[in-house]
Amino acid sequence: MTDALELDALWEDFHRVVNMTSQELAAWLRVSDADENVEPLPDQAGTPMGQHVLAILQKRRTDLTDDDIRTMQEVVDTVTAQTDVENEPEAEETRRRHRLMTLGHDPLKP
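A quick note: this is a predicted structure, and the numbers were derived from the prediction, not measured.

Chemist: A description of the overall build of the protein chain should follow, citing residues and the corresponding values.
Modeler: Helix and strand counts for the protein chain come out as five helices and zero strands. Counting from the amino terminus, helix and strand elements in the protein chain follow one another as α-α-α-α-α. When the 110 residues of the protein chain are sorted by exposure, 37% land in the buried category. Partitioning the contacts of the protein chain with sequence separation of at least 6, the portion at a separation of at least 24 is 61%. Carbon and sulfur atoms form 51% of the exposed surface of the protein chain, whose accessible area is close to 7,000 Å².

Next comes the structure, spelled out in structure tokens:
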């Protein structure tokens, strides 16, 4: 288990890199999973990681599990590795943007 200071830092980092609201992320997961005939049930839309990020966004810090903490660290590491502050992605980099959005980070959002 991480100590309180590490958890505070991770909580802040997670909420800094996850710049979509839970409503925006839930809507994105539904859209990204839909096809022309089927829209998935809201609680089954998107990747398991995207669903977990959404669940964490809806929790208070005191309710986090060890699994939540691992997921938060993975999201922070992934988003940090895939975003370059110097070179924000061009709109054409759709696949990369969509992958990041599944984790709750929209690189085109200010």
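Chemist: Explain helix H4 (residues 66–82) to me, using residue names and the numbers behind them.
Modeler: Taking 1.5 Å as the rise per residue, H4 with 17 residues should run 24 Å; its terminal C-alpha atoms sit 24 Å apart, in good agreement. Looking only at H4, the buried set comprises Asp68, Ile69, Thr71, Met72, Val75, Val76 and Val79. All buried residues of H4 project into a common sector of 160° when viewed along the axis, lining one side. For H4, the exposed residues lying more than 90 degrees away from the buried face are Arg70 and Ala81.

Chemist: Explain the packing of helix H3 (residues 48–57) against H4 to me, and be specific about the residues and the numbers.
Modeler: For the pair H3 and H4, the least separation of the axes is 10 Å and the interaxial angle reads 110°. By the criterion of interaxial angle, the relationship of H3 to H4 is roughly perpendicular. In this structure, the crossing between H3 and H4 has a hand that is left-handed. Side by side, H3 and H4 meet where Met49, His52, Val53 and Ile56 of the first sit next to Asp67, Asp68, Thr71, Met72, Glu74 and Val75 of the second. Residues belonging to the contact of H3 with H4 are distributed by class as follows: five nonpolar, two polar and three charged.

Chemist: Which residues make up the packing of helix H1 (residues 4–17) against H4, and what values go with them?
Modeler: Packing of H1 against H4 leaves a shortest axis separation of 9 Å and a crossing angle of 50°. Compared by their axis directions, H1 and H4 come out oblique. Viewed along their axes, H1 and H4 form a crossing whose handedness is left-handed. In contact with Leu7, Leu10, Trp11, Asp13, Phe14 and Val17 of H1, H4 contributes Ile69, Met72, Gln73, Val75, Val76, Val79 and Thr80. Tallied by class, the residues present in the contact of H1 with H4 amount to ten nonpolar, two polar and one charged.

Chemist: How would you summarise the side chain of threonine 102 if you had to cite specific residues and measurements?
Modeler: Position of threonine 102 relative to the elements: it lies in helix H5 (residues 94–102). Side-chain polar atoms of threonine 102 contact the side chain of tryptophan 28, separated by 3.5 Å. Residues contacting threonine 102, with those up to four places away along its chain left out, are Leu25, Trp28, Leu29, Thr47 and Gly50.

Chemist: Describe the environment of glycine 50, with residues and values.
Modeler: Note on placement: glycine 50 falls in helix H3. When the C-alpha atoms of glycine 50 and leucine 25 are compared, they prove to be 8.0 Å apart, with 25 residues separating the residues in sequence.

Each value, and the rule that gives it
Residues numbered from 1 in each chain as written. Predicted model: local features only at pLDDT ≥ 70, side-chain atom pairs only at ≥ 80, totals over all residues. Heavy atoms only, no water. Helix = DSSP H or I, 4+ residues; strand = E, 2+ residues; numbered from the N terminus. Buried < 20%, exposed > 50% of the residue type's maximum accessible area, 1.4 Å probe, protein only. Contact = heavy atoms within 4.5 Å. Areas by Shrake-Rupley, 256 points an atom, 1.4 Å probe, with all protein chains shown as cover. Expected span 1.5 Å × (residues − 1). Arc of directions from axis to C-beta. Axes fitted to C-alpha atoms, helices over the stretch in contact; angles between N-to-C directions. Parallel < 35°, antiparallel > 145°, perpendicular 65-115°, else oblique. Left-handed = near helix turned anticlockwise from the far one by under 90°. Nonpolar A, V, L, I, M, F, W, Y, C, P; charged D, E, K, R; others polar. Polar contact = N/O pair within 3.5 Å; in protein donor to acceptor, adjacent residues only side chain to side chain.

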